[in-house]
Amino acid sequence: MPKITIAIDGFSSTGKSTVAKQLASNLGYVYVDSGAMYRAVTLYALNKGLIEEDDFNKEALIYQLEQIHLSFVFNEELGYAEIQLNRQNVEKEIRTLRVSSFVSQVAAVPEVRKKLVAIQKKLGEHKGVVMDGRDIGTVVFPNAELKLFMTASAEKRAERRYKELKERGDDITFEAVLKNVTERDHIDTTRKDSPLIKAKDAIEIDNSNLSLEEQYQKILQLAKMTIEGLE
Ligand code: CDP
């Protein structure tokens, strides 16, 4: 069976990573969470004091980019790879609202994007990969055989993210999550370098009213049809 590349882009908290993991596991593909990479660079900047309150020392981060080593290590129990920042598993730390508050500013820095996009292209060079993010179908894998663009209303997305963070035990309000989701949408869609836009050949999926299972079945069918079309 031929292997394809599946690019999943879309707004924050649209369930991209959930469906990407399900697809990768069903097809025996590698799942790559590109957002986790931007989040890990943001965590590095926060830990090094390069971001304080509203002050982001971009130049210092660019200068230190070579010292940031990112890798993915497969977790047998979970069935997918987890991200490491300088050989430390940072999966939990990168998902906080604090990291979410600054990640879009960090992701707008062209030097950061250049470094991460190069790693992402390498991870997908042998196909058989499902990658989710903001510029996967437009910049990282413009030739991907299947491109999806996920959307849902801001309220629905904030509800989902709020529930997720609460379940983890984070002390946050729904309003703060909604504000973060809309602010990130704004920065991600208006930045100069690789803004979040739907690739011409991407299939748009609005999952505001789809259950996770309905969404998964719909996308799995699209993937199978794409693979069969190549056989
Ligand atoms: O919160 P959510 O899971 O939707 O976002 P994420 O996929 O973890 O990505 C976090 C942030 O990283 C986004 O809001 C973007 O600013 C940035 N990002 C990006 O610029 N390009 C990507 N390919 C992936 C993420």
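### Notes on the overall build of the chain
In terms of helices and strands, the chain carries nine helices and ten strands. Computed over its C-alpha atoms, the radius of gyration of the chain comes to 17 Å, within 12% of the 17 Å expected for a compact globule of 231 residues. Projected onto the principal axes, the alpha-carbon positions of the chain cover approximately 50 × 40 × 35 Å. With 231 residues in all, the chain has 49% of them scored as buried. Taking the intrachain contacts of the chain between residues at least 6 apart in sequence as the baseline, contacts between residues at least 24 apart amount to 72%.

### Remarks on the sheet that holds strand β6 (residues 80–85)
With respect to topology, three strands assemble into an open sheet ordered β5-β6-β7, the strand pairing being antiparallel. The open sheet is flanked by β5 (70–75) and β7 (88–89), the only strands paired with a single partner. Alignment of β6 against β7, held across two bridges, turns out to be antiparallel. Its bridge partner being in β7, leucine 85 is matched across the sheet by glutamine 88. Across the sheet, helix α2 (residues 34–47) is in contact with β5 and β6; its angle to β6 comes to roughly 25°.

### Here's the deal with the site of the ligand
Every one of the 19 residues lining the ligand counts as a neighbour, but Arg39, Arg113, Arg161, Asp188 and Arg191 are closest to it. Serine 13 places a polar main-chain atom, nitrogen or oxygen, 2.8 Å from an oxygen atom of the ligand. In this structure, serine 34 approaches the ligand through a side-chain N or O atom, which is 3.0 Å from a nitrogen atom. Coverage of the ligand by the protein amounts to 97% of the 530 Å² it exposes when considered alone. When contributions to the shell around the ligand are tallied by element, the ones reaching two or more residues are α2, α4 (97–107) and α8 (174–190). Of all the elements, α2 adds the most residues to the shell around the ligand, at four residues. Each residue belonging to the shell around the ligand can be placed in one class, and the counts come to four nonpolar, six polar and nine charged.

### Remarks on the pairing of β6
The buried count for β6 comes to five of six residues, which makes it a mostly enclosed element. Across six bridges, the pairing between β5 and β6 is antiparallel. Note on β6: the bridge partner recorded for phenylalanine 74 is alanine 81. Linkage of β6 to β7, two consecutive antiparallel strands, is achieved through a turn of two residues, within which asparagine 86 is found at a positive phi near 45°.

### Comments concerning the packing of helix α1 (residues 16–27) against helix α9 (residues 212–230)
Relative to each other, α1 and α9 sit at 50°, their axes nearing to 10 Å. If you check the angle between α1 and α9, you find them oblique. Seen from above, α1 lies across α9 with right-handed handedness. Across from Thr18, Val19, Gln22, Leu23, Asn26 and Leu27 in α1, the residues of α9 making contact are Leu212, Gln215, Tyr216, Ile219, Leu220, Ala223, Lys224 and Ile227. Partitioning the contact of α1 with α9 into residue classes produces nine nonpolar, four polar and one charged.

### What to know about the nonpolar core
With 38 residues, the main nonpolar core has Val41, Leu61, Ile68, Leu70, Leu85 and Val112 as its most contacted residues. Those elements that provide at least two residues to this core are α2, α3 (58–64), β6, α4, α5 (110–123), β8 (129–133) and α6 (136–140). Take this core: its biggest share by element is nine residues, from α2. Beyond its immediate stretch of four places on either side in the chain, valine 41 contacts Leu61, Ile68, Leu70, Val106, Val112 and Leu116. Membership of the second largest hydrophobic core comes to 20 residues, among which are Ile4, Ala20, Leu146 and Ile227.

### A few points about the packing of aromatic side chains
As enumerated under the stated definition, the model contains two aromatic pairs in all. Considering the side-chain rings of phenylalanine 11 and phenylalanine 149, the 5.9 Å spacing of their centres and the 80° angle between planes classify their relative orientation as edge-to-face. Highlighted residues: phenylalanine 11 in the loop between β1 (5–10) and α1 and phenylalanine 149 in strand β9 (residues 146–151), separated in sequence by 138 residues. Look at phenylalanine 149 and you get buried, because its relative accessible area is 6%. On the basis of an interplanar angle of 90° and a centroid distance of 6.0 Å, the ring pair of tyrosine 162 and phenylalanine 174 is categorised as edge-to-face. With tyrosine 162 in helix α7 (residues 154–167) and phenylalanine 174 in helix α8, this residue pair connects regions lying twelve residues apart in the sequence. The residue whose ring lies beneath lysine 21 is tyrosine 80, and the NZ or CZ to ring-centre distance is 4.3 Å.

Criteria and thresholds
Residues numbered from 1 in each chain as written. Predicted model: local features only at pLDDT ≥ 70, side-chain atom pairs only at ≥ 80, totals over all residues. Heavy atoms only, no water. Helix = DSSP H or I, 4+ residues; strand = E, 2+ residues; numbered from the N terminus. Rg over C-alpha atoms; globule rule 2.2 N^0.38 Å. Buried < 20%, exposed > 50% of the residue type's maximum accessible area, 1.4 Å probe, protein only. Contact = heavy atoms within 4.5 Å. Pairing = 2+ DSSP bridges. Axes fitted to C-alpha atoms, helices over the stretch in contact; angles between N-to-C directions. Near = heavy atom within 4 Å. Polar contact = N/O pair within 3.5 Å; in protein donor to acceptor, adjacent residues only side chain to side chain. Areas by Shrake-Rupley, 256 points an atom, 1.4 Å probe, with all protein chains shown as cover. Nonpolar A, V, L, I, M, F, W, Y, C, P; charged D, E, K, R; others polar. Parallel < 35°, antiparallel > 145°, perpendicular 65-115°, else oblique. Left-handed = near helix turned anticlockwise from the far one by under 90°. Core = buried A, V, L, I, M, F, W, Y, C linked by side-chain atoms within 4.5 Å. Phe/Tyr/Trp six-rings, centres within 6.5 Å; stacked < 30°, edge-to-face > 60°. Lys NZ or Arg CZ within 6 Å of the ring centre and 35° of its normal.

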